[in-house]
Amino acid sequence: MRSLRARLVRAFTLVSLPALLLLAGVTFGYARHTYLALREAEVLRELDNNIRAHYRWRGTLAGLQPQEPPPEERNLEPERRPPPPTSLPPFLVLDPEFRVLSGVPGYPTGAVLPAARRAGLREVRVNGKAVAYLYATGTLPPLDAQSQTFLTQTALLLLGAVGLAALLATGLGAAVSRHLLAPLRALQRGVRSLTVGRAPQPLPAGPPDELGELLAAFNAMTAELERRRVASRQLSADIAHDLTTPLSVMRATLEAMLEGTLSPTPERLTRLHTQTGHLLHLTGDLRLLSLADAGDLTLHRREVSVGALLAGVVAAFEDRAGHAGVTLTVQAAGGPPAWIDPVRVTQVLHNLVQNALNHTPPGGTVTLGAEAPEAATWRLTVRDTGRGIPPEHLERVFDRLHRVDDARSAPGSGLGLSIARTLAEAHGGTLTLESRVGEGTTATLTLPRTDRAEPGRLLEKSRAPRWG
Ligand SMILES: Nc1ncnc2c1ncn2[C@@H]1O[C@H](COP(=O)(O)OP(=O)(O)O)[C@@H](O)[C@H]1O
Ligand SMILES: [Mg+2]
């Protein structure tokens, strides 16, 4: 009895059984009570008739035998009559002075009923005159054999019905639990195939309740897992490709220099040096992403003047913008200092400005904006008048290594936006892009002001003790 189904069936039975027994008990008690009340009324009527007949006949109660056998037994020979009752009869007959007419155990003949107990007495009247009183002793009237059989049979019948109903409840419980547990079994199959590393088939939609929600959540989870598995395989392939191509070129160059077919001029060495720099940059980006994935990215937040931060970014890109013939401006509104990690936010802005410069033709503008719409939030924007991003690429450019095709010629690894978004989210903020092809792109970075006591999400995670 360890399976959930067995336990459910047992629960159905255990819950229904007491209810059924209670119902049967109440029914039986009621039937017995009604039966005894009828019998009592019958005894009373009989007694009343006997007393009145006796009084009319004799003119006195003397000689009355209230406990005498019922009329049908009176003609039997004395030895065939049932023995006189030894227990208390249901009613005592009292004379008009409330004296016991014929004594029984506990109530001797002639004893006077105390006035306090005369409240419920019934009168026996002859010609409008009370000739006797009947006192109910509280004893139940004796039941004849037929009545006993009737009550026994009723009890047995009720018990049989309880047994049958319990069996029915068990059967129904088995059927219902099978139906109830079907989604769980599907889930179990799904989890098993996940455990052995197989992508499970989508589970059928469940009932519209918590179990149904669980199935839907499982389907969403496996779909996401599958997407990540494919993405990670693609990422590995892309990284291998992105590292191999420049490395092969560098090796070929170096080999040619070693063989003496290519002289190691300062320009060639500078180019090689720049390329190793790019590769180092790429591996640094990959390391940052893997740190973020593992929740080990640490933010060093402090109060930072946003205006000064933007001025630093502009200073870093002024020359490059000048060479590209692009105007770089700042439109910053004043506001409270932001509570951020200045190095990481600068890194995000550098990525965004680099992108804007990469894709804005000479004569265009790149504008850095900053405003604090609510006291708690800073919104930083980098707007360009460049070629824009086609809508179908707008979300995908945040994927690792994803680049819009004709950006292949521009410098970069395709990791910039992915890293920028990761850093924005580490600050509890967001990074979104809006773009119109041919008109330009606006990147918006929101940085909510989190309390000093409340560090960034990833920071919080990374501070958790590793041995805990
Ligand atoms: N401001 C922009 N204008 C047009 N295209 C952009 C802009 N910013 C990003 N993109 C596109 O998004 C791609 C991904 O950007 P990013 O992740 O920074 O990688 P990278 O700059 O190394 O190519 C770029 O290759 C480019 O195609
Ligand atoms: Mg970039």
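Along each chain, numbering runs from 1 in the same order as the chain's sequence is written. As a convention, the first chain written is A and the first ligand written is 1, with the rest following in written order. Per-residue local features are limited, in this predicted model, to residues with pLDDT of at least 70; the limit for side-chain atom pairs, both in listing and counting, is 80 or more; totals at the level of whole chains, interfaces and linings are taken over all residues. Only hydrogens and water are set aside when side-chain values are computed; all heavy atoms of the structure are taken into account.

**So, the packing of helix α4 (residues 210–259) against helix α5 (residues 266–293)**
Okay, step 1: Where α4 contacts α5, the axes come no closer than 11 Å and their chain directions differ by 155°. The orientation of α4 relative to α5 falls into the category roughly antiparallel. As for the relative orientation of α4 and α5, their crossing is left-handed in sense. Each of I239, D242, L243, P246, L247, M250, T253, L254 and M257 in α4 lies in contact with α5, whose residues at this interface are R268, L269, L272, Q275, T276, L279, L282, T283 and L286.
Okay, step 2: Residue classes in the contact of α4 with α5 are distributed as 12 nonpolar, 4 polar and 2 charged. Geometry is summarised by axes, namely lines fitted to C-alpha atoms with helices restricted to the contacting stretch, and by angles between N-to-C directions that run from 0 to 180 degrees. Counting from the N terminus, the helices are DSSP H or I runs at least four residues long and the strands are E runs at least two residues long. An angle below 35 degrees is treated as roughly parallel, one above 145 as roughly antiparallel, one from 65 to 115 as roughly perpendicular, and anything else as oblique. Put simply, a crossing is left-handed when the front helix is turned counterclockwise from the back one by less than a right angle, and right-handed when it is turned clockwise. In this analysis, two residues are considered to be in contact whenever any of their non-hydrogen atoms come within 4.5 Å of each other. Note that Gly is not counted as nonpolar here; it falls among the polar residues with everything else outside the nonpolar set of Ala, Val, Leu, Ile, Met, Phe, Trp, Tyr, Cys and Pro and the charged set of Asp, Glu, Lys and Arg.

**Remarks on the environment of A375**
Okay, step 1: Summarising the element assignment, A375 is placed in the loop between β7 (365–374) and β8 (377–384).
Okay, step 2: Linking A375 and G335, residues 40 residues apart in sequence, is a C-alpha distance of 7.9 Å.

**A closer look at the sheet that holds strand β3 (residues 129–136)**
Each strand in a sheet pairs with its neighbour through backbone hydrogen bonds, running either in the same direction (parallel) or in the opposite one (antiparallel).
Okay, step 1: Sheet architecture is open: 3 strands sit in the order β1-β3-β2, paired in antiparallel fashion. Strands at the two margins of the open sheet, each flanked by one partner only, are β1 (91–94) and β2 (122–126). Ignoring strand direction, the axes of neighbouring strands in this sheet form an average angle of 30°.
Okay, step 2: Note: two strands are recorded as paired if DSSP finds a minimum of 2 bridges between them. As judged from the 4 bridges shared by β1 and β3, these two strands associate in the antiparallel manner. If you follow F91 over to β3, its bridge partner there is A136.
Okay, step 3: Across the sheet, helix α1 (residues 4–58) lies against β1, β2 and β3, angled at about 35° from β2, the strand it touches most.

**Some remarks on the site of ligand 1**
Okay, step 1: Around ligand 1 sit 19 residues in total, of which N355, R403, S413, G414 and L417 are the nearest.
Okay, step 2: Side-chain atoms alone can form a polar contact between residues adjacent in sequence; in general such a contact is a pair of N or O atoms within 3.5 Å, and within protein one must be able to donate a hydrogen while the other accepts it. Side-chain polar atom of D384 to a nitrogen atom of ligand 1: 2.9 Å apart, as the coordinates give it.
Okay, step 3: For every accessible area listed, the method is Shrake-Rupley and the probe measures 1.4 Å; residues are considered covered only by the protein chains on display. Isolated, ligand 1 exposes 520 Å² of accessible area, and the fraction of that covered by the protein chains is 96%.
Okay, step 4: Elements with a contribution of two residues or more to the shell around ligand 1: α7 (342–358) and α8 (416–426). When we say a residue is near a molecule or strand, we mean one of its heavy atoms is within 4 Å of it.

**Some details on the pattern of salt bridges**
Okay, step 1: By definition, a salt bridge exists where a carboxyl oxygen of Asp or Glu is found within 4 Å of a side-chain nitrogen of Lys or Arg. Counted according to the given criterion, the structure contains 12 salt bridges.
Okay, step 2: Between R228 and E224 there is a salt bridge, and its shortest N-O distance comes to 2.9 Å. Here R228 pairs with E224, and both are found in helix α4, just 4 residues apart, close to one helical turn.
Okay, step 3: Relative accessible area serves as the criterion here: at 52%, R228 is assigned to the exposed category. With a 1.4 Å probe rolled over the protein chains alone, any residue whose accessible area is under 20% of its type maximum counts as buried; one over 50% counts as exposed, and the rest are partly exposed.

**What about the confidence of the model for the chain?**
Okay, step 1: Summary of the metric used: pLDDT quantifies the predictor's per-residue confidence within the range 0 to 100. The predicted model of the chain averages 86 in pLDDT, with 90% of residues at 70 or higher.
Okay, step 2: The secondary-structure element of the chain with the lowest mean pLDDT is helix α9 (residues 457–463), recorded at 39, while strand β9 (residues 430–436) shows the highest, at 96.
Okay, step 3: Below pLDDT 50 for its whole length, residues 453–468 participates in 21 contacts with residues either more than four positions away or in separate chains.

**Thoughts on the side chain of R301**
Okay, step 1: One can find R301 in the loop between α5 and β4 (302–304).
Okay, step 2: Residue class for R301 comes out buried when judged on its relative accessible area of 13%.
Okay, step 3: Side-chain polar atoms of R301 contact the backbone oxygen of W339, separated by 2.7 Å.
Okay, step 4: Polar side-chain contacts of R301 include one of 3.3 Å to the backbone oxygen of H427.

**Describing the side chain of T367**
Okay, step 1: Structurally, T367 can be placed in strand β7.
Okay, step 2: Leaving out residues up to four positions away in the same chain, T367 has contacts with T329, Q331, T381, V382 and R383.

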